[in-house]
Amino acid sequence: MPFGEKHVLTDLSTGQRDPDDWEIGRLRTVDYFLDIRVLTYEPTLSLLAVGSASGLICVVGGPGVESSVQTPEGSPVKILQLAASTDKLLSVDERDRLHIWNLKDLTEPPKSTRFDHAINAVMLSPSHTHVFLALQSGEIRTYDLLCLKKSTYVIPNLWNMFQTKIASSVADPLHALPGCNIPVDLVAHPRDLNLIFVAFGGGVVLYDLSSRNILRAYELVIPAGAPGGGGYHQAEVLTHRWPSVTSVSIHPAGHFFAVGYADGCVAFWAVEDEDQPLMVRTSTDLDVNVINGEELENFLQNGGPSEERGTNLSERQPIYRVAWCGFPNSSDPRGGVTALVFLGGDRSNDPCRLTVHTMPALECPEPPAPSGSKTGLHASIRKAMRLSVIPLETTYYLSSGSVYDFVLFPKSNPHFSGCWDPAALLFLTAASSDSRMVEARQFLPPKMMSPLPGTGAQNSSEHGDVVHELSATLEDMTLSGKEPLPMHVPSKLYSGLGGVSYAQLLTLQRGMHDVFVGQQPVPGDADLPIAGGSAWIDDKRLSELRLSRSHPRRILITCHRDLTVRFHDASPQLLISSSTSPLQKNYPFAIHDLTIDISCLPLSSAPEVATVQVAPESLECVVLLKSGDLLVYRLITTQVNPRIEIEGNKEFVLLDNIALRPGTRYHPFLMLPRGNVSLICCALSDIGFVGIGYIDGSVAVIDLRGPSLLRPQRQKRQSKLLVRNQDADPVVSLTWTVSAVSMDAQLAVRLIANHESGSTEVFKITRDSESSLYDFAQDVTRVEGLPNVMQGGSFVIDSQKGTAWRADRSRFAASLQTRDNNPARCFWVTASAKGARCMLDISGERISKVEWNNKKNKVGHVQVIEKSDSRVLVAFNDKPEAMVYSLPYLEHLHTFSLANVCENVMSVDETGDFIAARRHESGVLDQIVFGTLFKTRRVYDNPLVDLTSFHREIPPYPQPVSVGPPSLLGSWFQYGKPIMTGEQLDVLLAGPDRPIPPPNLAQTLQDTTSNDRSGVMKTMENARNGVYNRLNDALAERGEMLGNIEQRIDSLQQGSKDMVAQAKRLATEQSAKRWFGF
């Protein structure tokens, strides 16, 4: 039939007219934690637990391992811990209730326990099955995690005991500040389970659990005239000060420890010397507990702190937390170089950061034999300890906001308070006034370093010079070599600056998907070492799950507030798993080497992403910013493209010299900066063309082959200053296609530009036979189209089959072949917020027009959906509803409610799958919903999770080491008792009447799924056998006592019977006497 004649149009929607063929449903939900309050990591189980202000607790492990629980009444989470010895999850909420979940089955309700006072701190260990709880009253209570009950062991308020003990010998016993007897931290001795350090507001107490005795009490006093944490800019400098304790951490050798204080200083104490600290320092000064005569004299001459001087120096922050890390970097039992991490202590105008000091190894000489009765810390040992707390280097881990807390990720060893050989550092920072975000950094192990020059055999004056010089240059010291690299956090923790602001779906063919995703190691080098648990889809759904192999591959694209565009594999094939073959990747799986970081580009203004487009075949990517700048990225494969020189170019900026993170596969290619006229829309093709629409109605094309910028010959660009709002007709939508039009039967590459008024221009792109360059054809087809066509609301489809006619490689190849005198026809479907229109051959007759069935709700997205070789147009409004219309006649077929699935649809693909989002009040997304219009036989179920399938062997508790050289006989720690084991500690804390654990808990200790659990199982089995033996003895003794009582009762019963019989006999005799008259 000649081109242009009328003919019967094929109904493309015959297979989708029956409403029973549609099944609206939710496939999967991705929730983002925006209100994180506490984090904890357990290396034995390799699990990360996250607690939120809404009471939600999420446990994250290896691929697909994710489980959540909710505190009763949704009370905010205050403290969170994981107990590897009993496979328990512990939480303390804001109502100071202790909740305990069984990691074997988080669906079981928690065991909740309330104490008489608020819980300030908890302490547990993988070596025993008890948890210590420090209460606001000052008491330390214990709880049995095996029997799930309070234990009888109670530690009274040790600081009150200490003050009572010294009250008679202190001239001013009431110097203590309010809150000095309130506990703030609990730490176990790293090499002796019998000893614990209890940090109170007034000081630190070393307590012996077995003897119930205070061994040492460490109270810091800043003497009058010494600067302390505030320096010589405070009014209290001429008085004694007792700064409040905030945190405590022990050196891995166990001979000295660091204490953080509220005035911003850190004191180092030797365990055996409670009288004087080894050193007191701030982040910039050493020995701040010693009077500086020169500074004090200046202070007195100036008449005290002046307001002018005070304003120049901001207040120092408290030390919020300290952690002392050890490393397997020395054959010396005392260990080698260590790292002290502390949060806080900076001035309020300093950058937000964590500070890590690299500390030299402890090198104590063998002390001379003690003479006489003199006891205490030997001077040579004290000097060696002091040298070991002077940093060799300082590293700052910068953050994007104020740091609230941090978590270390040990490689495997759970001892030393979780600070042994960390591989990563996770910290919680402020994103805004009402939200927090999680950042991760690689933890750099300290280099093998020698002690500071002159720290050997040197007199005290020489050492003083070294300390003075170090103090003066301390702020300028940073770790030489490579900087700590950022690490990837689980996508569930995207929040704050890392929060998601926009998301969309992309469908790829299998071959392109494999190229796009590439070979992704699991886990990657920059991933956090979280590998615990296992997850799989229920085996009952396996037959349906295998159907996913033939489903399309999908990519989730997310834009983030930190100016990154990230890509995630959301293909259903990732979910194919079983109980014998668990999941190998998370769903969705983050493809980190594709991340686009816009912040590294030379932009003139603060960027904000407007749209992101990826070509399904060429995989090129364009990012349009709201400022009007356009960025083009290319996917780098094995071959590297040579640098391109553009002669006379004044509009492009080549970006091939931008420094990127190693391994990044999306490289910036060029940028089209904003000119005098704003760029407001773009369209990317698969054949190397990028269409550009401007606010003044002009159009341009970037030919990526050059690259070069093409403009229509008769189109004059107007200056922004000359364009009036009433004259401008902005381009609102651009569509690439390879097709003919009713006025031109030649198959060619065409760009359809829809203007706001409805005026439409169809540009033809031709190739010069001589120069082989592409340019706009002189003739432009003009059509009166639909006004205000929404972006993504223009479709060109085959009139017979309904397939999309895009500007892809196959269609482009067809256009280069011999001209067909009878080309196939097409439909051009356009949609706006008010309705839709369908036209034949783009510029031909109008076939149909419709206004949306529901006019009260705004339509935000439209898509031509394909199902069973049928096509329909589906419009999504904000009610939310999906309104279905036939093609090409736009008959209203169905309206489906989406209220039970989602709130707001953001992106729809051609198969009927869509994503919807729920936006938090802060502006970022807190939930993404994967939904579909055809849920039949689709398996996206949440996987079954076993949180305890991965369990490393728990190593024995570290043994004490000598403070002197290894040749020194004996140990410096000699408290007269052998080192306590975890089993013995459980016996001590639980008491002799410890009940038998519930059967399921006892069975938990017997079930093992890997050889890695043999060590902990042996320990727990020994502990259980010991408890059973004592319980059996107690039961036998109880049985014997009950037997004796029973014999006595029988004897009394028999005596009672005899007494009754005798009474009856006497009564009979008396009656007989009265009868006979006696």
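Residues numbered from 1 in each chain as written. Predicted model: local features only at pLDDT ≥ 70, side-chain atom pairs only at ≥ 80, totals over all residues. Heavy atoms only, no water.

**Student:** An account of the overall build of the chain is requested, with residue identities and associated values reported.
**Tutor:** Looking only at helices and strands, the chain features twelve helices and 60 strands. In the chain, buried positions account for 54% of the 1078 residues. Contacts spanning at least 24 positions in sequence make up 61% of the contacts within the chain whose residues lie at least 6 apart. If you sum the accessible surface of the chain, you get close to 48000 Å²; carbon and sulfur atoms cover 50% of it. (Helix = DSSP H or I, 4+ residues; strand = E, 2+ residues; numbered from the N terminus. Buried < 20%, exposed > 50% of the residue type's maximum accessible area, 1.4 Å probe, protein only. Contact = heavy atoms within 4.5 Å. Areas by Shrake-Rupley, 256 points an atom, 1.4 Å probe, with all protein chains shown as cover.)

**Student:** Give a detailed account of the packing of aromatic side chains, specifying residues and quantitative values.
**Tutor:** This model, assessed by the stated rule, comprises 25 aromatic pairs. A centroid spacing of 5.5 Å and a plane angle of 40 degrees characterise the contact between Phe567 and Tyr666, whose relative ring orientation is tilted. Residue Phe567 is found in strand E32 (residues 564-569), and its partner Tyr666 is found in strand E39 (residues 666-672); the two are separated by 99 residues along the sequence. You can call Phe567 buried: its relative accessible area is 1%. Taken together, the ring pairs in this structure connect Phe197, Tyr218, Phe257 and Trp269 into an aromatic cluster. (Phe/Tyr/Trp six-rings, centres within 6.5 Å; stacked < 30°, edge-to-face > 60°.)

**Student:** How would you explain unusual backbone geometry if you had to name every residue and give the values?
**Tutor:** Residue Pro707 follows Gly706 across a cis peptide bond; omega there is -5 degrees. Of note, Pro707 is situated in the loop between strand E42 (699-703) and strand E43 (708-710). Look at the link from Lys879 to Pro880: it is a cis peptide, with omega at 10 degrees. Note on placement: Pro880 falls in the loop between strand E54 (870-877) and strand E55 (881-886). One non-glycine residue, Asp421, lies in the positive phi region at around 50 degrees. Secondary-structure assignment places Asp421 in the loop between helix H5 (415-418) and strand E27 (422-432). For Asp421, a relative accessible area of 13% puts it in the buried group. Not every positive phi belongs to a glycine, and Ser868 is a case in point at roughly 55 degrees.

**Student:** Help me get a handle on the sheet that holds strand E51 (residues 835-840), residues and values and all.
**Tutor:** Hydrogen bonding along the main chain pairs the strands of a sheet, whether they run parallel or antiparallel. With respect to topology, four strands assemble into an open sheet ordered E49-E50-E51-E52, the strand pairing being antiparallel. For this open sheet the edge positions go to strand E49 (789-798) and strand E52 (846-851), each flanked by a neighbour on one side alone. Taking each pair of neighbouring strands and ignoring which way they run, the sheet shows an average axis angle of 10 degrees. Judged from the six bridges that link them, E49 and strand E50 (residues 826-832) form a sheet pairing that is antiparallel. (Pairing = 2+ DSSP bridges. Axes fitted to C-alpha atoms, helices over the stretch in contact; angles between N-to-C directions.)

**Student:** Can you break down the sheet that holds strand E56 (residues 892-897) residue by residue, with the values?
**Tutor:** Across the sheet, which stays open at both edges, the four strands sit in the order E53-E54-E55-E56 with antiparallel pairing between neighbours. Edge positions in the sheet fall to strand E53 (859-867) and E56, since each of these pairs with one other strand and no more. Pairwise comparison of adjacent strand axes, ignoring direction, gives a mean angle of 20 degrees for this sheet. Note: E55 against E56, five bridges, orientation antiparallel. Counted as the bridge partner of Ala882 is Phe896 from E56.

**Student:** Got a sec to walk through the pattern of salt bridges? Specific residues and values, please.
**Tutor:** On inspection of all chains with the given rule, the structure shows 36 salt bridges. Close ionic contact of Glu73 with Arg97 constitutes a salt bridge, the shortest N to O distance being 2.7 Å. Of this pair, Glu73 sits in the loop between strand E5 (66-70) and strand E6 (77-83) while Arg97 is found in strand E8 (residues 97-102), placing the two residues 24 residues apart along the sequence. Owing to a relative accessible area of 57%, Glu73 belongs among the exposed residues under this scheme. (Salt bridge = Lys/Arg side-chain N within 4 Å of Asp/Glu carboxyl O.)

**Student:** Let's hear about the confidence of the model for the chain: which residues, and what values?
**Tutor:** Confidence along the chain averages 84 in pLDDT terms, with 82% of residues attaining 70 or more. pLDDT under 50 marks residues 1-5. Its contacts with residues more than four places away, or in other chains, come to 13 contacts. This model gives residues 716-724 a pLDDT under 50, and the stretch forms 15 contacts once residues within four places in sequence are excluded. (pLDDT = per-residue confidence, 0-100.)

**Student:** Could you give me a rundown of helix H7 (residues 510-517), with the residues and numbers involved?
**Tutor:** Taken residue by residue, H7 has His513, Phe516 and Val517 as its buried positions. All buried residues of H7 project into a common sector of 85 degrees when viewed along the axis, lining one side. Where the residues of H7 are buried, they touch strand E29 (500-508), strand E31 (553-560), E32, strand E35 (609-614), strand E37 (630-635) and E39. At the C-terminal side of H7, Gly518 shows a positive phi close to 70 degrees. (Arc of directions from axis to C-beta.)

**Student:** If you had to explain the side chain of His513 to someone new, which residues and values would you point to?
**Tutor:** By secondary structure assignment, the location of His513 is in helix H7. Once residues lying within four places of it in the same chain are set aside, the contact partners of His513 are Leu508, Arg553, Ile555, Asp569 and Ser571.

**Student:** If you had to explain the pairing of strand E41 (residues 689-694) to someone new, which residues and values would you point to?
**Tutor:** Of all six residues making up E41, six are buried, and the element is well covered by its neighbours. A loop of four residues connects strand E40 (residues 679-684) with E41, the two strands running antiparallel in sequence, and Gly688 in this loop sits at a positive phi of about 90 degrees. Where E41 lies against E42, five bridges are found, and the strand directions are antiparallel. Considered in E42, the bridge of Val690 is made with Ile702. What sits between the antiparallel neighbours E41 and E42 is a turn of four residues, in which Gly697 has the positive phi angle 95 degrees.

**Student:** Which residues make up the pairing of strand E15 (residues 192-200), and what values go with them?
**Tutor:** Here E15 lies mainly inside the structure; nine of its nine residues are buried. In this structure, the hairpin formed by strand E14 (residues 183-189) and E15 is closed by a connection of two residues. Where E15 and strand E16 (residues 204-208) come together, five bridges link them in antiparallel fashion. The partner of Val198 across the bridge, within E16, is Val205. Taking the residues that link successive antiparallel strands as the turn, the E15-E16 hairpin has three residues.

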